[in-house]
Amino acid sequence: MSAYTAVILAAGQGTRMRSRKPKVLHDLCGRSLIEWTLVAAREAGCTKLIVVDAPERPLDGLLGDDVELVVQPQADGTAGAVAAALASLPAGSPVVILSGDVPLISAETIRELVSVHEDTGAAATVATALLEDPSGYGRVVRRADGTLEKIVETKTEGDATAEELLITEVNSGVYVFDPAALTEALPAVGTDNSQGERYLPAVLPLIEAAGGTVAVHSVDDPSMLLGANDRVDLAELRDLAQMQIIEAHLLSGVDIVAPASTQIDIDVEIGTDSVIEPFTALCGATKIGERSTIGPDSTLTDATIGDDVTVLRSHLTECEVRSQASIGPFSHLRPGSLVRERAKVGAFVELKNSDIGEGAKVPHLSYVGDAEVGAGANLGAGTITANYDGVNKHRTVFGERVNGGVHVSYIAPVEVGDDSWTAAGSVITEAVPPGSLAIGRGRQENKDGYDARRKREAEDKK
Ligand code: UD1
Ligand code: CA
């Protein structure tokens, strides 16, 4: 297969999305719509990538260094979008046109289409699919001999006849063109249609009239070609993409107990024999090792989890949990947290930017922020690091095997030495030497006969 360029159309207004955000930047399982298409184009081996952006260039800087952005001066239709890319097309090699809102197209389908285009010697090749519900898509009108006569639009009334509306073969919006034939025919595409736009499919009959062949390649799996025009389409695409992602994990040896209530983003990695319990969302670049159990009811975003870890009903963001550690239920690990091997972060614990040493325990009801907790330390229920003085954040450093009492506040910056102890209810404001016990609280005083005295005083007042 020879070198070819891919042009991704992404300058439309996306009105049907009813969003302030460009349509192609909407998220589909952890990647923007246009990123899906870009990944497929790269994987398919295209040698040049061009994206057509709107005049405000909302995609600038978001798509990777290998992408050349060109601008369509006004959203006057898909033919106008392609026209904006013409000057950047290398002469001679075929050009694949893709839509920034058709995300599930596979690299294989793109390559297949290019092969058909080259094998048939066509000047233009269009990918089509049979859809049960073709509403909104352009319909493929074929002649009696099967060749393409034209494509009629159905987004708005007036372009297609009642008979044409019965056609279920749709234009996918994915094409391959010979750049010379395209460049020659494109200027003649007019705006004489119900939307007053320059429709790209109108170039096909023009290419044929100029003597070129137009090939039609129908794709077996229509999900490849589904477009996201509104949020209903997006929800359908999400169902499909999510099912594909989950199936791939199931087939690679991950146990997903309730696929319908599990959300897994495209870039997530999960090791063999890990179990994902119901109502769990694994987002972003989350990585999970082998034999770990995640969930139920957990959300992990950009988290790195080792082997044999348990995460139960917890929320983890940009943090790392190493082998055999356990988290939860009901804990919150915030960015910069590292829970080392065999450590335990129990119920109702919030960690932020803290390093929990090997085998250390923060078992209950605690806030540990900007802290280092040495190996084998055990911090009592209600441990609080007072890490913030209103201006700066300060560190609390617990040595190895510290035995923290319950309900202790550590006023940072402060160091608590190896093998030291802190008494229940203490407020620790000064360094605790290794091996010592720190008691930082008022002494208890008992007032004898207090209750009787109160009652007597009350009697006297009567
Ligand atoms: C288009 C096709 C339709 C096909 C469908 C497949 C046309 C006229 N119709 O319809 O035959 O069945 O795709 O999904 O081409 N865009 C621009 N500039 C513009 C207009 C659109 O860059 O001026 C971009 C959009 O951002 C989008 C793509 O082109 O990524 C398709 O545009 P859209 O308006 O979604 O076309 P459809 O109505 O879906
Ligand atoms: Ca579309």
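- Under the UniProt heading Cofactor (unreviewed entry), the note attached to the chain is "Mg(2+)".

1. Concerning the coordination of the calcium ion (ligand 2)
Part 1 of the argument: Looking at the calcium ion (ligand 2), one finds its protein donor set to be Asp 101 (OD) and Asn 229 (OD1), positioned 2.2 to 2.3 Å from the metal centre. Of this pair, Asp 101 sits in the loop between strand E6 (95-99) and helix H3 (107-120) while Asn 229 is found in the loop between strand E11 (214-218) and helix H6 (231-251), placing the two residues 128 residues apart along the sequence. Of the two residues, Asp 101 and Asn 229, both sit in the buried class.

2. Describing the sheet that holds strand E34 (residues 414-416)
What holds strands together in a sheet is hydrogen bonding between their backbones, with the strands either parallel or antiparallel.
Part 1 of the argument: The nine strands are arranged E14-E17-E20-E23-E26-E28-E30-E32-E34 in an open sheet whose pairing can be described as parallel. Only two strands of the sheet have a single neighbouring strand rather than two, namely strand E14 (269-270) and E34.
Part 2 of the argument: Two strands pair when backbone bridges link them, and strand E32 (residues 396-398) and E34 are joined in this way by three bridges, in the parallel orientation. Residue pairing in the sheet places Val 397 in a bridge with Glu 415 of E34.

3. Structural notes on the packing of helix H1 (residues 33-43) against H3
Packed helix pairs are specified by the crossing angle of their axes together with the interaxial distance, meaning the distance between the axes.
Part 1 of the argument: Relative to each other, H1 and H3 sit at 55 degrees, their axes nearing to 8 Å. Considering the angle they form, H1 stands oblique to H3. Remark: the crossing between H1 and H3 carries right-handed chirality. For the pair formed by H1 and H3, the contact residues are Ala 40, Ala 41 and Glu 43 on the first element and Ala 107, Ile 110 and Arg 111 on the second.

4. Thoughts on the site of ligand 1
Part 1 of the argument: In the vicinity of ligand 1, 26 residues are found, and the nearest of them are Ala 11, Gln 72, Thr 78, Glu 153 and Asn 171.
Part 2 of the argument: Here Leu 9 contributes a backbone N or O atom positioned 2.8 Å from an oxygen atom of ligand 1.
Part 3 of the argument: Gly 12 places a main-chain nitrogen or oxygen 2.9 Å from an oxygen atom of ligand 1.
Part 4 of the argument: In isolation ligand 1 exposes 750 Å². Once the protein is present, 94% of that is buried.
Part 5 of the argument: Put simply, ligand 1 lies in the largest pocket.

5. Here's the deal with H1
Part 1 of the argument: Across the 11 residues of H1, eight count as buried, placing the element largely inside the fold.
Part 2 of the argument: Of all the positions in H1, only Leu 33, Ile 34, Glu 35, Trp 36, Thr 37, Leu 38, Ala 40 and Ala 41 are classed as buried.
Part 3 of the argument: Remark: Gly 45 follows H1 within two positions and exhibits a positive phi of approximately 90 degrees.

6. As for the state of the cysteines
Part 1 of the argument: As enumerated under the stated definition, the model contains zero disulfides in all.
Part 2 of the argument: The cysteine Cys 29 is free of any disulfide, with Cys 283 supplying the nearest cysteine sulfur at 9.9 Å.
Part 3 of the argument: The exposure class of Cys 29 is buried, given its relative accessible area of 4%.

7. Topic: the side chain of Arg 139
Part 1 of the argument: By secondary structure assignment, the location of Arg 139 is in strand E8 (residues 139-142).
Part 2 of the argument: Of the side chains with opposite charge, Asp 133 comes closest to the buried, unpaired Arg 139, at an N-O distance of 6.3 Å.
Part 3 of the argument: Engagement of the side chain of Arg 139 in a polar contact is seen with the backbone oxygen of Pro 134, the distance being 3.1 Å.
Part 4 of the argument: Among the polar contacts made by the side chain of Arg 139, one reaches the main-chain carbonyl oxygen of Leu 165 at a distance of 2.7 Å.

8. Notes on unusual backbone geometry
Part 1 of the argument: With an omega dihedral of 5 degrees, the bond running from Gly 295 to Pro 296 counts as a cis peptide bond.
Part 2 of the argument: With respect to the helices, strands and loops of the structure, Pro 296 is situated in the loop between strand E18 (293-294) and strand E19 (299-301).
Part 3 of the argument: Across the junction of Ala 412 and Pro 413, the peptide omega takes the value 5 degrees, indicating a cis bond.
Part 4 of the argument: Locating Pro 413 in the fold gives a position in the loop between strand E33 (409-411) and E34.
Part 5 of the argument: In the Ramachandran plot, Asp 297 falls in the positive-phi region, its phi being about 55 degrees despite a non-glycine side chain.
Part 6 of the argument: Tracing the backbone shows Asp 297 in the loop between E18 and E19.
Part 7 of the argument: Positive phi outside glycine occurs at Gln 324, with the angle close to 65 degrees.

9. Some points on the domain arrangement of the chain
Part 1 of the argument: Per the domain assignment, the segments of the chain are domain 1 (5-225) and domain 2 (231-438).
Part 2 of the argument: If you average the C-alpha positions of domain 1 and of domain 2, the two centres end up 46 Å apart.
Part 3 of the argument: Listed as interface residues are 14 residues of domain 1 and, on the opposing side, 13 residues of domain 2.
Part 4 of the argument: It is Met 17, Cys 29 and Leu 104 in domain 1 that bury the most area against domain 2; as a group they hold 40% of the surface buried on that side.
Part 5 of the argument: Inspection of the domain 1/domain 2 interface yields one salt bridge.
Part 6 of the argument: On inspection of domain 1 and its partner domain 2, the count reaches six residue pairs in polar contact (both at pLDDT 80 or more).
Part 7 of the argument: Listing elements by their share of the side of domain 1 that touches domain 2, those giving two or more residues are strand E2 (27-28) and H1.

Here is what the cut-offs are and how they apply
- Residues numbered from 1 in each chain as written.
- Chains lettered and ligands numbered in written order.
- Predicted model: local features only at pLDDT ≥ 70, side-chain atom pairs only at ≥ 80, totals over all residues.
- Heavy atoms only, no water.
- UniProt positions renumbered as here; feature names shortened; annotations may be inferred.
- Donors = N, O, S within 2.8 Å, 3.2 Å for Na, K, Ca; no water.
- Helix = DSSP H or I, 4+ residues; strand = E, 2+ residues; numbered from the N terminus.
- Buried < 20%, exposed > 50% of the residue type's maximum accessible area, 1.4 Å probe, protein only.
- Pairing = 2+ DSSP bridges.
- Axes fitted to C-alpha atoms, helices over the stretch in contact; angles between N-to-C directions.
- Parallel < 35°, antiparallel > 145°, perpendicular 65-115°, else oblique.
- Left-handed = near helix turned anticlockwise from the far one by under 90°.
- Contact = heavy atoms within 4.5 Å.
- Near = heavy atom within 4 Å.
- Polar contact = N/O pair within 3.5 Å; in protein donor to acceptor, adjacent residues only side chain to side chain.
- Areas by Shrake-Rupley, 256 points an atom, 1.4 Å probe, with all protein chains shown as cover.
- 1 Å grid on protein atoms, 1.4 Å probe; cavity = no way out; pocket = protein on both sides within 12 Å on 5 of 7 lines; lining within 4 Å.
- Sits in = over half its atoms within 2 Å of the grid points.
- Disulfide = S-S within 2.5 Å.
- Lys, Arg positive; Asp, Glu negative; His and termini not counted.
- Salt bridge = Lys/Arg side-chain N within 4 Å of Asp/Glu carboxyl O.
- Domains from an automatic or database assignment.
- Buried area = accessible area lost by both parts, 1.4 Å probe.

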